Amino acid sequence: MDVIQKSSCECNKIQFMKSNVCEPTNYINKSHMVRVFEVLQSLRKDDVLCEIKLRTDDGKMVIGHRVVLVSASPYFHAMFTSIDESNTIIFDIRYLDSTALQLLVDYIYTGEIIVTKQNVQVLLPAADLLKLDYVKDVCVEFLQKLLDPTNCLGIRSFADIHNCMELLSSSEDFIKKHFLEVVKYEEFLSLSPEEVIKLISCNYFTGAFEEKVFECVMNWMKHALGCRYDSLPKSIEHIRLPLASYEYISKKEAVEPLLKNSLKCKQLVIEALDFHTLKAQQLITSPQTICSTPRLSGHKVVLLLCFSLTLKKYCTNWYDPTTNLLQTPLKMSKEYSLSVLALIKDHFVIALGDECGSRAVEMLDLSSESPCWVSLDDMLVSRECLGVGVIDDCLYAVGGSDDTGILNSVEVFDVNIQEWRMVSSMFTMRSDAGVGVLNNLLYAVGGYDGSSALKSIECYDPSVDTWTLGSEMSVRRFGPGIGVLNDEMYAIGGHDGQKYLRSVEVYSESAGVWTSIADMHLCRFNPGVFTLHGLLYVIDGSHEFTHLDSLEIYNPKSNTWSMKTLSKIAGDIFGGIVIDKPPLFRTT
């Protein structure tokens, strides 16, 4: 009988042929965990096997299974791991809203949470206490979507109290971008003196002239004058009065009764008026203090120097990379070519002459309410096809050519004395050289010496007034664009004496060598180059005497180029610099 049973079992075994090849396979029932937690939630609702009862300050109870709560929350893990498993224990949860606790325990069992305007302010701190990071993160996301001028100050305060750095940063960015709207509402009028001073001390506002800052502070002051008057001088100190127009200061601020009755405020108004007188005489070298330093918008744009085909004149535009649009031009005050740009002290734009016989230099003050070009002292040498660089607010004009030939001379504009002076000459005559500044050293890259394109490099150290030879590029280039990004210098495009180039190489000072990277899509001669948000932008340039209405963007992380066509181009672009977004330029 036993033999028969054994034989029957053996007959029931499946026999696999060696040809039936099948690797071991892992199968996952995706609904298994969901089903398990559905059962656990059902048991919790019926108070089955629940060892834990949580009691809030209002006496309400929330029950649960210890193992489930411990597995989901580090807070509960620390609280429950030492208790006796056989007993049901009541825990008092102090300072925690009962509704929030119920929602969070439900979330532990279901993975779902409903965030509303009514519960988010209690849900976020409760989730933070219980270390439920997902719920805290979605509460932050929910509040970010709710940000508007009427509530952003309150949300910022809430984020600060609960140490939500991401929400704090988002709300502060919103306030900076919408300052003129924010100050119209009750939240602003209800701020304490310390909070107002902190707000108006900010260096970043979008579209806020100091006149508007002054007016909003006066509105806040008069909203509760009795208890705020003592803070008036301290508040006015943080308004950058010198940056208001002279007419506004003399007609509005100087006659404001509250300011006239305060000795300190009267002194601040006098200093602002004196600043305008001094600035008219000394331009760039007028005293720079926090009160005379323009606020920034935090929104970077690119100031472009163009030749307008419609106006038949050189003009400036600003280009916004976020919209890919050019904005209204500001005409140059001279008819000759000024096609080399530099930036001094973050808001003084210097344009230098770049045609044979021209030594002209002009300046544009971006902090002015009505910016216009003002002539500065001429360069000492006429320079065409020169390069420029800025180190420590000193502007260097490098090489180029004049009616005698190619130049190796270099001169510097000293902002402190507003004069040009010659410095040591380069070893090699260079026209159309690229110029870059890397770690406070000035580099002259390639160029043309009158007979051939150059691949040699020279480096100038202003501290010792000395040029030294650097590592050569792999390719001869004149008319290259130069960009500096992440402590590396890029030589972009140009001409090698026979053809236009789309090749690019990068110099690392630590390695001391040039390395080739991915080519651009198009060949570009004398392109404008700027860096923004960790990317390298190459704009316009020419090829076969035709200007290219496009820009290319290099991502160093992926070593790739992408290309955009420029919108609303009506002329040739000669150069560009990154600036903080100014007030809308008006044609002058």
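Scope of this entry: the structure provided in the associated data block. (Residues numbered from 1 in each chain as written. Predicted model: local features only at pLDDT ≥ 70, side-chain atom pairs only at ≥ 80, totals over all residues. Heavy atoms only, no water.)

Description of the overall build of the protein chain
To keep things clear, this is the line we draw: Helical segments are the DSSP runs of H or I of at least four residues, strand segments are the runs of E of at least two, and each set is numbered from the N terminus. Burial classes: relative accessible area under 20% of the type maximum marks a residue as buried, over 50% as exposed, and values in between as partly exposed (1.4 Å probe, protein chains only). In this analysis, two residues are considered to be in contact whenever any of their non-hydrogen atoms come within 4.5 Å of each other. Using a 1.4 Å probe, accessible areas were evaluated by the Shrake-Rupley method; residue-level cover was limited to the displayed protein chains.
Helix and strand counts for the protein chain stand at 18 helices and 32 strands. Residues classed as buried in the protein chain amount to 46% of the 588 residues present. Within the protein chain, counting contacts between residues at least 6 apart in sequence, those at least 24 apart form 54% of the total. Looking at the protein chain as shown, the accessible area adds up to about 29500 Å², and 52% of this sits on carbon and sulfur atoms.

Section: the pairing of strand 18 (residues 434–438)
Inclusion rule: Strand pairing is assigned whenever DSSP detects at least two bridges linking the two strands.
By the criterion of burial, strand 18 is predominantly enclosed, with four of the five residues buried. Looking at chain direction, strand 18 and strand 19 (residues 441–445) are connected through five bridges and run antiparallel. From the neighbouring strand, L438 faces strand 19, where its bridge partner is L441. From the end of strand 18 to the start of strand 19, which pair antiparallel, there are two residues, and N439 there has a positive phi angle of about 55°.

Notes on the nonpolar core
Going by this rule: Side-chain atoms within 4.5 Å link the members of a nonpolar core, which is a set of buried Ala, Val, Leu, Ile, Met, Phe, Trp, Tyr and Cys residues.
Within the largest apolar cluster, 76 residues are counted, with the highest numbers of intra-cluster contacts made by L54, L101, L104, V135, F188 and I236. Apart from the residues within four sequence positions on either side, L101 is in contact with L54, T56, V62, F76, I93, L96 and L130. Counting residues in hydrophobic clusters, the runner-up holds 17 residues, among them V340, F348, M379 and W420.

Comments concerning the sheet that holds strand 21 (residues 466–470)
Filter applied, for reference: Note on method: axes are straight lines fitted to C-alpha atoms, helices fitted across the in-contact stretch only, with angles between N-to-C directions ranging 0 to 180 degrees.
If you trace the four strands from one edge of the open sheet to the other, you get 18-19-20-21, paired in antiparallel fashion. A single partner strand is all that each edge strand has here, and the edge strands are strand 18 and strand 21. Averaged over all neighbouring strand pairs, the angle between strand axes comes to 25°, with direction disregarded.

Side note on the packing of aromatic side chains
Cut-off, in case you're wondering: Any Phe, Tyr or Trp ring, taking Trp's six-membered ring, that has another such ring centre within 6.5 Å forms a pair; planes under 30 degrees apart are called stacked, those over 60 apart edge-to-face, and the others tilted.
If you walk through the whole model with that rule in mind, you get 13 aromatic pairs. Plain terms: the ring middles of F214 and Y248 are 6.2 Å apart, the flat faces sit at 85° to each other, and that makes the pair edge-to-face. Placement of F214 in helix 13 (residues 210–223) and of Y248 in helix 16 (residues 246–253) is noted, with a sequence separation of 34 residues between them. A single burial state applies to F214 and to Y248, both of which are buried. Between Y443 and Y507 the ring centres are 5.8 Å apart and the planes differ by 55°, which places this aromatic pair in the tilted class. Placement of the pair is Y443 in strand 19 and Y507 in strand 24 (residues 504–508), with a sequence separation of 64 residues. The exposure class assigned to Y443 is buried, which follows from its relative accessible area of 5%. Taken together, Y448, F478, Y500 and F525 form an aromatic cluster joined through their ring pairs.

A closer look at helix 12 (residues 193–200)
In plain terms, the rule: To be clear, the arc concerns the directions from the helix axis to the C-beta atoms.
Of all the positions in helix 12, only V196, I197, L199 and I200 are classed as buried. Looking straight down helix 12, one finds that the buried residues subtend no more than 160° of arc, so they occupy a single side. Exposed residues on helix 12 whose side chains face more than 90 degrees from its buried face are E194 and K198. Residues of helix 12 that are buried sit in contact with helix 8 (152–161), helix 9 (165–177), helix 10 (179–182), helix 11 (186–189), helix 13 and helix 15 (232–237).

Re the packing of helix 7 (residues 133–146) against helix 9
Each packed pair of helices is defined by two parameters, the angle between the axes and the distance between the axes. Rules: Relative orientations are named as follows: roughly parallel for angles under 35 degrees, roughly antiparallel for angles over 145 degrees, roughly perpendicular for angles from 65 to 115 degrees, and oblique for any other angle.
At their nearest, the axes of helix 7 and helix 9 sit 10 Å apart, and the two run at 10° to each other. It follows from the interaxial angle that helix 7 and helix 9 lie roughly parallel. Every residue of helix 9 that contacts helix 7 at V140, L143 and Q144 is listed here: E166, L167 and S170.

Notes on the side chain of S508
As for its position among the elements, S508 is in strand 24. Residue class for S508 comes out buried when judged on its relative accessible area of 15%. Other than its neighbours up to four places away in sequence, S508 contacts E488 and V513.

Re helix 7
Our working definition: Expected span of a helix: the number of residues minus one, times 1.5 Å.
Its 14 residues place the ends of helix 7 20 Å apart at the C-alpha level, agreeing with the 20 Å of an ideal helix rising 1.5 Å per residue. Elements that come into contact with the buried residues of helix 7 comprise helix 5 (98–110), helix 6 (120–129), helix 8 and helix 9.

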